[in-house]
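Geometric and topological summary
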Amino acid sequence: MKRTAITLLALLALTFGAGAASAQDTPRAGGVIKAAMIGEPPSLDLHWTTAVIVQQITWHIYETLYTYDKNLTPVPMLAESHAVADGGRRYTITLRKNVKFHNGKDMTSADVVPSLQRWGKMSTTGKALWKTVEAVEAKDPYTVVIHLKEPSGSLLYGLGSPNNGAAIYPKDVMAAAGEGQIKEFIGTGPYRFVEHKPDRHIKLARFKEYAARSDAPDGGFGGKRVAYADEILFIPVPDEAVRLAGVETGEYHYAQTIKPDQYERVKGSPALEPGVVKPYGWITAVPNHKQGVMANKKIRQAFVAALDMEPIMAAAMGNKAFYRTEGALFYPEQTAFHSQSGVTGYNQKNPAKARALLKEAGYKGEPVRWITTKEYDWMYNTALVAKQQMEAAGFAVDLQVLDWATLVQRRNKPELYDIFSTGFTLSADPALATSVQCNWPGWWCQEEKERILGEMLRETDPKKRKAQIERLQAVFYEDVGRVKFGDYFTFSVTRKELRGFHNAPFLYFWNAWLSK
Amino acid sequence: MLVYVVRRLLAVIPVMLVVATVSFILIRLAPGDPASVIAGPYATGDDIARLQRSLGLDQALPVQLVKWWGRLARGDLGDSIFLRRPVLEAIFERMEPTLLLTAWSMLVAVAVGVPAGVVSARYHNTTVDQSLMAFALIGLSIPNFLLGLLMILFFGVWLGWLPVAGYVPLEGGLWLNLRSLIMPSLALGLVQSALIARITRSSMLDVLREQYILAGRSKGLSERVVIYKHALKNAIIPTLTVIGITFALLVGGAVVIETVFNIPGLGRLIISAVLRRDYPVVQGVVLLIALTYTAINLLVDLAYLAIDPRIRFR
C-alpha cells in the first residue's frame, strides 16, 4: 500500500513536472521585452543608412518583399510568389493580399513600386542592384513587374537584404519625405512604432492587425512572425558593463555586444543564457588601392605574408568560442557559397617572404599610415598585433587612433591613409557584399575581379556562382583586395525567461516571448 | 542701477555672438562629419556626398555661419541632425534628469562634507580626524565613474537593492524617480563631499584659533555652542564659495555619471552629440551653458550691490 502511494506520488510529480516544462515552452502573449542596445540609431529610415542598429530596430516595423531562410537564401515575405520570364529579364511578383500598414491602409503595388524606386535610388545596396534594373511597374494592385537589362542572380537577395533593406513604406509617407528622410515610421511588420525618446528608448507595440504568413517559421527569417510581447523597448546603453549588469539583475531581457571574456561568468549564472551570434562578420584591414604605399601590389602581398592570424584574432576576441581563423570570403554556414578553393594567401606567417617582397617592391621604410579606432576595441587590438608582426617583417607602421566618426570620414579621402580597420557583417549575396565592391573606401577595382563580379551578378545558377566565388577568392588573395584576419562572432546575453529567441546574425524579437 | 543692469544685459549680446561663432568653428574643425555617421559603415563616398547635400553641409562654411547667425537672431537654435527635432526641445527634454541629479548630488556633498569637516576640526589630530581625512583623500582621488561602477556591482548586482541603470522621470512617481537617482547622486556627491570636508575643516581650524573663540570658551560657553553657533557661522563662508564652484564641477561630473548610469540628461546629450557630430546640438548646448554662466555672473554682481553698500557701480 505504502509503495503504491509512493509510486502514485512519483507519477503525479512527474506529470506535473512535465506539465510545468511544457507550460514554459508554450508561447505566452504579453509583457514588455527590454533590449539593451549599444547606442542610438542614426536614423529610422532603413533606405538611408547601412548602420546595423537601424536594421536591428526597424525591421520589426518594416518588412521587405523577400527575406532569408536559415540557409540565407531568399524566400518570399510580403511577396506571395514570382514568375521569371524573358530569359531571366522580367520578374513578375505577386503581392500578398490583405496586408495592412500600421496606418490601417492596405499595402498594394502603389506603395511597393515607389518604395523599390526610392530604395534603388537611395540605399547603397539598392544602387548597386539598380544598375541592372530598367524599370519597375505596377501591373495591377497586387502585381509588380521588374524589368531587368540583363538576368540577375542577385535581385531576390538584394530585395531580401535586412541591412539597408528594401523596406516597403506607404506611398504617402514617402511623398511627404520628398528627398529627405521619412518622418513617419510606418510599415507592415508585427510591431508598430510608438515613440522615440532619444537616449531613453524606442518603443514598439504589437500591431494587432498584423497579417502574418501562414507558413511555419523556417528557422531563418521567413515564415510566420508573431508578436507575443505587448511591447518592445530598445534602450540605448552605451556602457558594456551596465548592459551586462542590467541583464543580470533583470532590468533588461537582452544585452548585445558583451565582451567575450565575460562568457564563463554568464555561463555560470542560472538566470542567464549566453548567446554566440554565429556567423556575424569578418575583422579586416582595408588597404588603399588608389594611392600611397599600399597601391603597390607587392607591398600588399608583403603585408598579408607577414601575418599570423591566430594571435591577431585572439587579441581581438579573447575567447576562442568567438572567432575562427578562416580565409574564405563567405561563411561555412552559407553552404551554397562557402569554399576553400582559391584561398591561397591566408595565414602565411612568413616574415622572410614579406621581407623579400618588400625588397622587390623597393620599399624604403615609408611609414604605412593605418587608421583605426578604440570605439570598437577589436579593431584597435587587431591593428596593434598586426602592426608588431609587420614591423618584424620590415614595415614601418604609423598607427593612428581616431574616433569612429573621424575614421568613417577620413577613409573616403585616399590621400589620408594607407590602411583602415573595419568589419564586414554578413552579406547573403556574394555579388553585393561590401567586401568586394570597387566604389567603397579602399577602392579595390581590379579588372579581373570586376569581370567576375559582373558575371556573378548575372548568374542565377548557385553552382556556377560557387565556381565564380572560387575564382574571386583566388584574385582576392593574389591582388590582396582586403586583408581578412578571420571570422568573429558577437556575444549577446539573454535572460532565461526570454524564450523562443534565436541568436541570429540579424537580431529579431518576433516569435520570442516572456515566460514570466 | 537700472542703467547698469541694462548696460550689462546689452553686453551679453557680443559675448553670445563670440561664443556662437567660436563653437560653430570649433566643432567644424574637428574631423568627422554627421553624414558619414548617418550613412553607416557600408555606405560609399557618393552616398555620403548625397547626404551632405541634403543636410546642407556641402555649403561653404561662411554661408552656413551666416545662416546660423540669422537663425540665432530669431531665437532659433536649429534642428538636431540625428534627433529629428528642434535643438531647444531636445535640451528641455534633458533638463529634468540633469537638474535633479545635480541637486541631489549637491545635497549629498553638503550633508556629508560639512559635518565631516566640522567633526574633523573639533577632534583635530585624533584618530577620528585622521580617518575622516583619509576617507576624504580617497574621495578626492577616486574617479566618480569608478565609484559608480563599484556601486552598481555592489548595490545593484550583488545586493539587488537598487536599479543598476536607467532613469524614471518624475511623472513616473516620486519614489521611483528617487530610487533611480540614489546611486548616481551618491557617486557624484560623495566625491565632491571630500573637497567640501577638507575646506570646512581647514577654515574651522583657522576660526577655532581666533581670540573670540578663546573668549567664548573662557566665559564658560559649552563646546557645542562654541563650535556650532560661533565658529561654524564664520567658517562656513569659504565653504559656501567652494559649494558654488562644486556646482560647476557637478555639472561636469554629471556628463560622466549620466553615461555610466544611463541617465538621459544634458551630459549624455552633449557626449552623443559630439561623438556623432550633431553640430546644431553641440552649438546649442554650448551656447546655453555660456548663457547660464553669464546670467549667474550678472546675478552675483547684482547681489554684491544689494549686500554691500560700499559697492557702487557706475
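Let's shift gears to the overall build of chain B. Looking only at helices and strands, chain B features 12 helices and zero strands. Sequence-ordered secondary structure for chain B, helices as α and strands as β, is α-α-α-α-α-α-α-α-α-α-α-α. For a compact globule of 314 residues, the expected C-alpha radius of gyration is about 20 Å, and chain B comes in at 25 Å, more than 25% above that figure. Projected onto the principal axes, the alpha-carbon positions of chain B cover approximately 85 × 60 × 35 Å. Counting across all 314 residues of chain B, residues that qualify as buried make up 39%. In chain B, of all internal contacts separated by at least 6 residues, the share reaching a separation of at least 24 is 72%.

So, on to unusual backbone geometry. Residue and element names in this part refer to chain A. Cis geometry is adopted by the peptide bond preceding Pro279, which originates at Lys278 and carries an omega value of 0°. Its place among the elements puts Pro279 in strand 12 (residues 272-287). Unusually for a residue other than glycine, Asn164 sits at a positive phi of about 55°. Within the secondary structure layout, Asn164 lies in the loop between helix 5 (155-160) and helix 6 (171-177). Judged by local crowding, Asn164 falls into the buried class, with 28 C-beta atoms found within 10 Å. In this model, Trp443 sits at a positive phi of 50°, which is unusual for a non-glycine residue. Along the chain, Trp443 falls in the loop between strand 16 (419-425) and helix 14 (447-458).

In this section: the domain arrangement of chain B. When the domains of chain B are assigned, the result is domain 1 (1-82 + 276-314) and domain 2 (95-265). One C-alpha centre belongs to domain 1 of chain B, the other to domain 2 of chain B, and the line joining them spans 33 Å.

Our next topic: the confidence of the model for chain B. Taken as a whole, chain B shows an average pLDDT of 85; of its residues, 97% reach a score of 70 or greater. Both confidence scores are given for the complex: pTM 0.86, ipTM 0.77.

Moving on to the interface of chain B and chain A. Contact residues are listed per partner, giving 40 residues for chain B and 34 residues for chain A. Elements with a contribution of two residues or more to the side of chain B that touches chain A: helix 2 (34-39), helix 3 (45-55), helix 7 (144-158), helix 10 (223-260) and helix 11 (266-275) of chain B. When the residues that make up the side of chain B that touches chain A are grouped by side-chain class, the tally is 22 nonpolar, 12 polar and six charged.

With that settled, consider the sheet that holds strand 5 (residues 90-95) of chain A. Residues and elements named next belong to chain A. A sheet is described by the order of its strands in space; here four strands give the open sequence 4-5-7-6, paired in antiparallel fashion. The sheet is open, and its two edges are formed by strand 4 (79-85) and strand 6 (133-140), each paired on a single side. Adjacent strand axes in the sheet meet at a mean angle of 20°, parallel and antiparallel pairs treated alike. When strand 4 meets strand 5, the two strands line up antiparallel, connected through six bridges. Its bridge partner being in strand 5, Ser81 is matched across the sheet by Thr94. Contacts from helix 3 (residues 109-122) reach strand 5, strand 6 and strand 7 (143-148), with the element oriented near 170° to strand 6.

A word on the nonpolar core. Ranked by size, the top nonpolar core spans 204 residues in total, and within it Ala35, Ala36, Leu65, Ala302 and Tyr488 of chain A carry the most contacts. Of all the elements, helix 8 (residues 174-208) of chain B adds the most residues to this core, at 14 residues. Beyond its immediate chain neighbours, meaning those up to four positions away, Leu65 of chain A contacts Met77, Leu78, Ala79, Ile93, Leu159, Ala166 and Ile168 of chain A. Core analysis: the next-biggest nonpolar cluster, separate from the first, contains 14 residues, Phe82, Val87, Leu269 and Val282 of chain B among them.

The rules behind each value
- Residues numbered from 1 in each chain as written.
- Chains lettered and ligands numbered in written order.
- Predicted model: local features only at pLDDT ≥ 70, side-chain atom pairs only at ≥ 80, totals over all residues.
- Helix = DSSP H or I, 4+ residues; strand = E, 2+ residues; numbered from the N terminus.
- Rg over C-alpha atoms; globule rule 2.2 N^0.38 Å.
- Buried ≥ 20, exposed ≤ 12 C-beta atoms within 10 Å, placed from the backbone.
- Contact = placed C-beta atoms within 7 Å.
- Domains from an automatic or database assignment.
- pLDDT = per-residue confidence, 0-100.
- Nonpolar A, V, L, I, M, F, W, Y, C, P; charged D, E, K, R; others polar.
- Pairing = 2+ DSSP bridges.
- Axes fitted to C-alpha atoms, helices over the stretch in contact; angles between N-to-C directions.
- Core = buried A, V, L, I, M, F, W, Y, C linked by C-beta atoms within 7 Å.

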